[in-house]
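So you can see what is in the structure, the chains are spelled out below.
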Amino acid sequence: MNTQRGSALILSLLILLVMTMLGITAMSTSTLQERMAANDRNQKIAFQNSELTLAQTEADARDMDFMTDLRGVVGNTDNHIYGEDAVLNYHDATTWDNADCGVAIELNTVDGSSSNGCRLIHIVEQTTALEAGGGYGQLDQSNLTTARLRLTALGTDGSGKAQAKVQSTFDKVITP
């Protein structure tokens, strides 16, 4: 009758051990998922901040006068505008050391942080008008002198751990 001494205790300890292992595994999985969600959120905030910076840069480029605001300051890295002969490596941190990181998106950042976006303006090429007038008395796009600008923006999240770069090409009409 007394042949089952301690078997219930051993069985309950084994079940408790299995339940503890399942609990630890569930905790580590949820911690990993929480980190992945936070990284995804930070990356999205950085991307949205870089989009805001790029939109502001495009608006600023539309308002700039090419001859005075753009062409006149090429080569002066304090102005963050580079000429046609510049070769920029946008993935190199030293390129961004000279970037304009005071773009006024401070109040519009997605996460409410005070991080600013950084931007670079690169004059890729300048085209000249093909002929003096368009057909039938109308101006044609090919008859306008333009400058092709490459606008690049770098955005970060509030912590500065996530970064995103976006780029657009913008054709600016040069008015005489």
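The written sequence of each chain sets the order in which its residues are numbered from 1. In keeping with the model being predicted, local features are shown solely for residues with a pLDDT of at least 70 and side-chain atom pairs are shown and tallied solely at 80 or more, while totals for entire chains, interfaces and linings include all residues. Heavy atoms from the whole structure form the basis of all side-chain values; hydrogens and water molecules are not counted.

**Details of the nonpolar core**
The tendency in soluble globular proteins is for nonpolar side chains to be buried side by side.
Piece 1. Residues Leu149 and Leu151 are the most contacted members of the largest nonpolar core, which totals 14 residues.
Piece 2. Only DSSP runs of H or I reaching four residues or more are called helices, and only runs of E reaching two or more are called strands; each is numbered from the N terminus. Elements represented by at least two residues in this core include exactly α1 (7-63), β3 (117-127), β4 (146-156) and β5 (163-173).
Piece 3. Per element, the largest residue contribution to this core is 4 residues, and it comes from β4.
Piece 4. Nonpolar core, defined: a set of buried Ala, Val, Leu, Ile, Met, Phe, Trp, Tyr and Cys residues in which side-chain atoms within 4.5 Å join the residues together. Summary of the burial criterion: residues with accessible area below 20% of their type's maximum are buried, those above 50% are exposed, and those between are partly exposed, where the area comes from a 1.4 Å probe applied to protein chains only. One finds Leu88, Tyr90, Trp96 and Leu120 within the second-largest nonpolar core, a separate group that totals 8 residues.

**Brief notes about the pairing of β5**
Piece 1. Alternating positions in β5 separate cleanly, Ala164, Val166, Ser168, Phe170 and Lys172 being buried on one face and Gln163, Lys165, Gln167, Thr169, Asp171 and Val173 remaining unburied on the opposite face.
Piece 2. Strand pairing is assigned whenever DSSP detects at least two bridges linking the two strands. Relative to β5, β4 is paired through 11 bridges, and the arrangement is antiparallel. Paired with Ala153 across the bridge in β5 is Val166.
Piece 3. Taking the residues between adjacent antiparallel strands as the criterion, β4 and β5 are bridged by 6 residues, where Gly160 takes a positive phi near 80°.

**Quick notes on the pairing of β4**
Piece 1. Counted residue by residue, β4 has 9 buried out of 11 residues, so it is predominantly covered.
Piece 2. When β3 meets β4, the two strands line up antiparallel, connected through 9 bridges. Along β4, the bridge assignment pairs Arg119 with Ala153.

**Thoughts on the environment of Glu58**
Piece 1. Along the chain, Glu58 falls in helix α1.
Piece 2. Separated by 110 residues in the primary sequence, Glu58 and Ser168 place their C-alpha atoms 8.6 Å from one another.
Piece 3. Those residues within four positions of Glu58 in sequence are excluded, and the remaining contacts are Leu151 and Ser168.
Piece 4. Polar side-chain contacts of Glu58 include one of 2.8 Å to the side chain of Ser168. For this analysis, residues touch if any pair of their heavy atoms sits within 4.5 Å. Any pair of N or O atoms that falls within 3.5 Å is considered a polar contact. Within protein, one atom must be able to donate a hydrogen and the other to accept it, and sequence-neighbouring residues count only if both atoms are side-chain atoms.

**Looking at the pattern of salt bridges**
Piece 1. Each salt bridge in this description consists of a side-chain nitrogen of Lys or Arg and a carboxyl oxygen of Asp or Glu lying within 4 Å of one another. Considering all chains together, one arrives at 4 salt bridges under this definition.
Piece 2. Here Lys44 and Asp40 are joined by a salt bridge, their closest N and O atoms 3.2 Å apart. Linking Lys44 with Asp40, this pair stays in helix α1, spanning 4 residues, or about one helical turn.
Piece 3. Owing to a relative accessible area of 40%, Asp40 belongs among the partly exposed residues under this scheme.
Piece 4. One network of salt bridges, in which partners are shared, links Glu125, Arg148 and Asp171.

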